[in-house]
Amino acid sequence: MIDFNRPAFVGQELEYIKDAVHRGMLCGDGEYTKKCSAWMQERFQVNHVMLTTSCTHALEMAAYLADIRPGDEVIMPSYTFVSTADAFVLRGATIVFTDIRPDTMNMDEQLIEQAVTSKTKAIVPVHYAGVACEMDSIMRLAGKYGLKVIEDAAQGVDAFYKGKALGTIGDFGCYSFHETKNYTMGEGGALLFQKEEYLEKAEVLREKGTDRSKFFRGQVDKYRWVDYGSSYLPSELNAAYLFAQLEACDKINKKRMEIYEYYHRNLAVLAEEGRIEQPFVPGECIHNAHMYYIKVRDMEVRTRLIAYLRKKGICSVFHYVPLHSAPAGRRFGRFSGEDVYTTKESERLLRLPMFYNLEMEDVKQIVDAIVAFDEF
Ligand SMILES: *Cc1c(COP(=O)(O)O)cnc(C)c1O
C-alpha cells in the first residue's frame, strides 16, 4: 500500500532528542526551542518567532493578541481547516466566510471588501497548498479599514510571496509542524510577528499568564501571575526533532519538489485532453510543494477514482468539506455573497501521496495508474 502521508524523517532527529535528554531539561524554551526560533528568524526574516504546541494554538494566540472580542467579525475562506475558524470562535467572534478563487483555491481577494462591515476586525488569509494569497491586495484592504491580518500559513512554511516568507507579511503568521506538514515535530507550530508591541503580551500569554520569560532573562527577581494566559510552549523533545528537520529543510524541499514536478509533468497529458485540471501557481509565488492535487469533473468521478486507486494499493484523499456547510460553521458563521466555487471545487479536488520518504518508483506507479484510468 502506498500511504498518503508519512511524517518526514531525515536521520539526525534521534541524535538531537538524545542530546536534549542529556541536557536535563525537557520542558519548553530550552536549547532546541531557541535554535528553532533563531533559525526561522534568520531564514524568514522575521523579528519574533515563538514555538507553540500546534498551529491551532498559534492561531488562538494571534486571535487573543489581535484583541478579537465577542461580536467582532473575522473574514476567512470557507475552504479551510476547522482550526482557522475555531481560534476566533473561542474569542466569541462571528466568522464571515468568503468564496475562493478556483485557480489557487485561496480566498478571492476581490470579494473581501464586500464582506467588510462596521464589526469587522480581521482578515485571515489561508495559503492553501503553500501557494500565497494575493497579499498586496489583502494588506491594502486591511490598511484601508484598519483591520488586522492573521496569516494561516500552516501549509506555507518556506514558501514566499514577492520574496517575503509566508507568515511574515500580516500582523501575525501561524505555522504548523504537525506530522502531515512539510517539516514536523509530531504536533507543533509557531507564531510569527514583526512588531515589538506584541512581544510582552505574547510571552505572558504563552507562559500561563506569568512573566516567567522576563524572570529567565533576569529582568525581574521573581515571576508572578500578571495577566490571562495559557500553556502554549512545546517540550524540548519535540523541538529537537524539529531542529533536525529545519536543518535539512533544503533537502526535504528538494525531494518534495521532485515529486511535485514529476506529477505535474506526467499528468499534463490528461490536462491537455481536458480530463483533469492541475494546480496553478501565480508568478509572484514560490510554493513549497506542500501538496499535489488534481481536479476531476465532479464528486462522482472523484469517488470512483479514489476507489480505483485504492484497489491498486494507492491511498489518495479529498480535502476540506467547506466550513460554512458544517453544523458549527452554520452556528458560528455566515457566508458572504454567493458560493460559486467553494463547494463545487472542493468536491472535485483529489490529493495524491506526497511526503519526503516517498519513493520515486511509487510516484511513477501512481501516475501510471491515473493515466490508465478510463472513467474520467
Ligand atoms: C494543518 C492546518 C492547521 C492546523 O495545524 P495544527 O498544527 O494541527 O494545529 C490549521 N490550518 C491549516 C490551513 C492547516 O493546514
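Residues numbered from 1 in each chain as written. Predicted model: local features only at pLDDT ≥ 70, side-chain atom pairs only at ≥ 80, totals over all residues. Heavy atoms only, no water.

Participant: I would appreciate a short explanation of the pattern of salt bridges in the present structure.
Facilitator: Oppositely charged side chains are able to pair whenever their charged atoms sit close together. Enumeration according to the criterion identifies 28 salt bridges in this entry. Between E273 and R275 there is a salt bridge; the shortest N-O distance is 2.6 Å. Taking the shortest distance from any N to any O, the salt bridge between K364 and D368 comes out at 3.1 Å. Of this pair, K364 and D368 both sit in helix α14 (residues 360-372), separated by four residues, roughly a single helical turn. For D368, a relative accessible area of 40% corresponds to the partly exposed category. (Salt bridge = Lys/Arg side-chain N within 4 Å of Asp/Glu carboxyl O. Helix = DSSP H or I, 4+ residues; strand = E, 2+ residues; numbered from the N terminus. Buried < 20%, exposed > 50% of the residue type's maximum accessible area, 1.4 Å probe, protein only.)

Participant: Sorry if this is basic, but what is going on with the site of the ligand here?
Facilitator: Taken together, the neighbourhood of the ligand is formed by 14 residues, with T56, D152, Q155, S176 and K181 sitting nearest. In this structure, C55 approaches the ligand through a main-chain N or O atom, which is 2.9 Å from an oxygen atom. At 2.8 Å from an oxygen atom of the ligand is found a side-chain nitrogen or oxygen belonging to Q155. The protein chains hide 93% of the 380 Å² of surface that the ligand would expose on its own. The class makeup of the residues in the shell around the ligand is five nonpolar, seven polar and two charged. (Near = heavy atom within 4 Å. Polar contact = N/O pair within 3.5 Å; in protein donor to acceptor, adjacent residues only side chain to side chain. Areas by Shrake-Rupley, 256 points an atom, 1.4 Å probe, with all protein chains shown as cover. Nonpolar A, V, L, I, M, F, W, Y, C, P; charged D, E, K, R; others polar.)

Participant: Explain the sheet that holds strand β4 (residues 120-123) to me, please; I cannot follow it from the model alone.
Facilitator: Spatially, eight strands are ordered β1-β9-β8-β5-β4-β2-β3-β12 in an open sheet, and the strand pairing comes out mixed. A strand with exactly one partner marks an edge of an open sheet, and here the two such strands are β1 (48-52) and β12 (333-335). The sheet shows a mean angle of 25° between the axes of neighbouring strands, taken without regard to direction. With three bridges joining them, strand β5 (residues 148-152) and strand β8 (residues 172-176) adopt parallel strand pairing. Bridged to I150 within β8 is F172. The strands that helix α6 (residues 199-206) touches are β1 and β9 (189-193); relative to β1, the one it contacts most, it runs at about 10°. (Pairing = 2+ DSSP bridges. Axes fitted to C-alpha atoms, helices over the stretch in contact; angles between N-to-C directions. Contact = heavy atoms within 4.5 Å.)

Participant: Sorry, what's going on with the pairing of β8 here?
Facilitator: Residues in a regular strand point their side chains to alternate faces of the sheet. Among the five residues of β8, five are classified as buried, and the element is accordingly described as predominantly covered. Here β8 shows a buried face lined by F172, C174 and S176 and a second buried face lined by G173 and Y175.

Participant: Would you explain the sheet that holds strand β7 (residues 164-165) in this entry?
Facilitator: Think of a sheet as strands paired side by side through backbone hydrogen bonds, with each pair either parallel or antiparallel. Ordered in space as β7-β6-β10, the three strands form an open sheet in which the pairing is antiparallel. For this open sheet the edge positions go to β7 and β10 (285-286), each flanked by a neighbour on one side alone. By the bridge criterion, two bridges tie strand β6 (residues 160-161) to β7 in an arrangement that is antiparallel. Along β7, the bridge assignment pairs Y161 with K164.

Participant: When you look at the nonpolar core in this model, what are you seeing that I'm missing?
Facilitator: In globular proteins that are soluble, nonpolar side chains generally tend to be buried together. If you look at the biggest cluster of nonpolar residues, it comprises 53 residues, and the most contacted ones within it are M40, F44, L51, Y175 and F177. Broken down by secondary-structure element, the contributors of at least two residues to this core are α1 (13-23), α2 (31-44), β1, α5 (135-145), β6, β9, α8 (236-247) and α9 (249-266). Here this core gets six residues from one element, more than from any other, and that element is α8. Those residues in contact with F44 that lie beyond four places of it in its chain are W39, V157, D158, F160, A165, T168 and Y175. L65, A66, A154 and F193 belong to the second largest nonpolar core, which has 35 residues in total. (Core = buried A, V, L, I, M, F, W, Y, C linked by side-chain atoms within 4.5 Å.)

Participant: Explain α2 here, please?
Facilitator: Structurally, the α-helix is built with 3.6 residues per turn, so residues lying three or four positions apart point the same way. If you check α2, its first and last C-alpha atoms are 20 Å apart, about what 14 residues at 1.5 Å a residue would give, namely 20 Å. Residues Y32, T33, C36, S37, W39, M40 and F44 constitute the buried set of α2. Buried residues of α2, seen end-on, are gathered within an arc of 160° and therefore sit on one face of the element. Of the residues in α2, the exposed ones pointing more than 90 degrees away from the buried face are K34 and E42. Residue Q45 follows α2 closely and has a positive phi angle near 55°. (Expected span 1.5 Å × (residues − 1). Arc of directions from axis to C-beta.)

Participant: Help me out: how do you make sense of unusual backbone geometry in this one?
Facilitator: With the exception of glycine, the majority of residues adopt a negative phi angle, and the majority of peptide bonds are in the trans configuration. Not every positive phi belongs to a glycine, and K208 is a case in point at roughly 60°. Residue position: K208 is located in the loop between α6 and α7 (212-216). Notably, A289 is not glycine yet its phi reads approximately 50°, a positive angle. Turning to its location among the elements, A289 is positioned in the loop between β10 and β11 (292-295). A289 sits in the buried class, given a relative accessible area of 0%.

Participant: Sorry, what's going on with the pairing of β11 here?
Facilitator: Alternating residues of β11 divide into Y292 and I294 and Y293 and K295, and every residue in both groups is buried. For β11 and strand β13 (residues 349-352), the ladder comprises four bridges, and the chain directions are antiparallel. Considered in β13, the bridge of I294 is made with L350.

Participant: When you look at the state of the cysteines in this model, what are you seeing that I'm missing?
Facilitator: Under the definition given, this model contains zero disulfides. Sulfur of C55: no disulfide; nearest cysteine sulfur belongs to C174 and is 5.3 Å away. The closest cysteine sulfur to the non-disulfide-bonded C249 is located on C36, 12 Å from its own sulfur. For C249, a relative accessible area of 1% puts it in the buried group. (Disulfide = S-S within 2.5 Å.)

Participant: What am I meant to see in the side chain of E207 here?
Facilitator: Within the secondary structure, E207 sits in the loop between α6 and α7. Given a relative accessible area of 2%, E207 falls into the buried group. Dropping the residues within four chain positions of it, E207 is found in contact with D29, R212, S213, S230 and L233.

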